[in-house]
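Coordinates in review
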Amino acid sequence: MAGTTALIVGASRGLGLALAEEWLKRGARVIATVRVPSERLAALQHTYPDRLEIETVDIVDATSVRRLRRRLEGSRLDVLFVNAGVAKATEKSPATVDDRDFIEMMLTNALSPMRIVELYEDLVSESGVIAVMSSELGSIAGNPAFWELYSSSKAALNMLMKCFAERHPNDARALLLVAPGWVRTDMGTSAASLSIEESIPCVVETVERSRGIGGLRFIDRNGQRLPW
């Protein structure tokens, strides 16, 4: 995987940090973004000083997103992977949720990742991959009526990505909505069924296998298609 350049948006901790580390282990050059300084990512940079670049962006701030886009002008990416997510009011219903919690989930989980895709997609090579971290809960057909408000934000992300694909019908790049499984992170909680080590290497392998295969797919960490 030497020669690969991957931009990981949202890499300060959890799944995003693990994505950055996995690509680095495989010999890639990684541009990793954080909203605030990350000690763990800084430590990783000491291990890979020549191949890890850290950038700062607040993905829910359109001005910050555009500022980073200008800094990356001239870059050529093989992989753009947007990792963003927040879960709030998971036990609430539309009748009881605080508007601000729902708006934050929609902004963080759906609109902001797609803003990155829209503004940065021209940096990705013709044989590259544009991937966004989604969730099996974003499947309307497959959702077991669980975490309904969070799920609706991920369903919105999936729909926005489908619309992006429709507006780029001849795009040769892989467009991926990746569901990593229920992973033990701060958001996934300690009750989750998968460790990061059981999920993220599979995710990276799936993304790499997708290079050169154009079109939109909603897939799990092993590359298996999920129902919309």
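This text follows the structure it describes.
This text gives an overview of the structure that appears in the document. Values in this document were obtained by computation on a predicted structure and should not be read as measured data.

**Here's the deal with helix H3 (residues 62–71)**
Within H3, the full set of buried residues consists of Ser 64, Val 65, Leu 68 and Arg 69. For H3, the arc enclosing every buried residue in end-on projection is 140°, short of the 170-degree limit, so these residues lie on one face. Structurally, H3 contributes buried residues whose contacts are with strand E2 (29–34), strand E3 (52–56) and helix H4 (99–120).

**Focus: the packing of helix H1 (residues 14–25) against helix H2 (residues 39–47)**
Relative orientation of the contacting elements H1 and H2 amounts to 5°, with a least axis distance of 11 Å. Taken as axis vectors, H1 and H2 run roughly parallel relative to one another. Along its contact with H1, which presents Leu 17, Glu 21 and Leu 24, the element H2 presents Arg 40, Leu 41 and Leu 44. Class assignment for the residues of the contact of H1 with H2 results in four nonpolar, no polar and two charged.

**As for the nonpolar core**
Counting 33 residues, the largest nonpolar core has Ile 8, Leu 19, Trp 23 and Phe 81 as the members making the most contacts within it. Ranked by residues supplied to this core, first place goes to H1 with seven residues.

**Examining the environment of Val 207**
Mapping Val 207 onto the fold places it in helix H6 (residues 196–210). Overall, the relative accessible area of 0% leaves Val 207 in the buried class. A sequence separation of 188 residues divides Val 207 from Leu 19, and the C-alpha atoms of the two residues are 11 Å apart. Those residues in contact with Val 207, other than ones at most four positions away along the chain, are Trp 23, Val 79, Phe 81, Val 129 and Leu 176.

**Comments concerning the sheet that holds E2**
An order of E3-E2-E1-E4-E5-E6-E7 is seen for the seven strands of this open sheet, with the pairing classed as parallel. Taken across any chain shown, the strands that pair with only one partner, and hence form the sheet edges, are E3 and strand E7 (215–220). Averaged over all neighbouring strand pairs, the angle between strand axes comes to 15°, with direction disregarded. Across six bridges, the pairing between strand E6 (residues 174–179) and E7 is parallel. Note on E7: the bridge partner recorded for Leu 177 is Phe 218. Along the sheet, H4 makes contact with strand E1 (5–9), strand E4 (77–82) and strand E5 (124–133), crossing E4 at roughly 160°.

**Details of unusual backbone geometry**
Despite not being glycine, Ala 89 shows a phi value in the positive range, around 50°. Checked against the element boundaries, Ala 89 lands in the loop between E4 and H4. A positive phi angle, close to 60°, is found at Ala 145, a residue other than glycine. Assignment of secondary structure puts Ala 145 in the loop between E5 and helix H5 (148–167).

**Quick notes on the environment of Ser 64**
Looking at where Ser 64 falls in the secondary structure, it is placed in helix H3. On the basis of relative accessible area, Ser 64 is assigned to the buried category, the value being 10%. Each C-alpha atom, one on Ser 64 and one on Ile 196, is 29 Å from the other, the two residues being 132 residues apart in sequence. Leave out the neighbours within four places in its chain, and Ser 64 touches Val 57 and Asp 58. Within the local environment of Ser 64, its side chain forms a polar contact with the backbone nitrogen of Asp 58, the two atoms lying 2.9 Å apart.

Reading guide: rules and limits
- The residue numbering used here restarts from 1 in each chain and proceeds along that chain's sequence as written.
- Totals for whole chains, interfaces and linings use every residue, but because this is a predicted model, local features are given only for residues with pLDDT of at least 70 and side-chain atom pairs only at 80 or more, for both listing and counting.
- To get the side-chain values, all heavy atoms of the structure are used, and hydrogens and water are removed first.
- Only protein chains enter the accessibility calculation, which uses a 1.4 Å probe; a residue is then buried when its area is under 20% of its type maximum, exposed when over 50%, and partly exposed in between.
- Strands here are runs of E lasting at least two residues and helices are runs of H or I lasting at least four, both read from the DSSP assignment and numbered beginning at the N terminus.
- The arc under discussion is defined with respect to the helix axis, by the directions toward the C-beta atoms.
- Between two residues, a contact is recorded if the distance between any of their heavy atoms is within 4.5 Å.
- Axis definition: a line fitted to C-alpha atoms, over the contacting stretch in the case of helices. Angles run 0 to 180 degrees between N-to-C directions.
- When an angle is under 35 degrees it counts as roughly parallel; over 145 it counts as roughly antiparallel; between 65 and 115 it counts as roughly perpendicular; any other value is oblique.
- As a working rule, the residues Ala, Val, Leu, Ile, Met, Phe, Trp, Tyr, Cys and Pro are called nonpolar, Asp, Glu, Lys and Arg charged, and the rest polar, with Gly in that last group.
- To qualify as a nonpolar core, a set must consist of buried Ala, Val, Leu, Ile, Met, Phe, Trp, Tyr and Cys residues joined through side-chain atoms within 4.5 Å.
- Between any two strands, pairing holds if DSSP finds at least two bridges.
- Polar contact is the term for a pair of N or O atoms within 3.5 Å; when the atoms are in protein, one must be able to donate a hydrogen and the other to accept it, and sequence-neighboring residues count only if both atoms are side-chain atoms.

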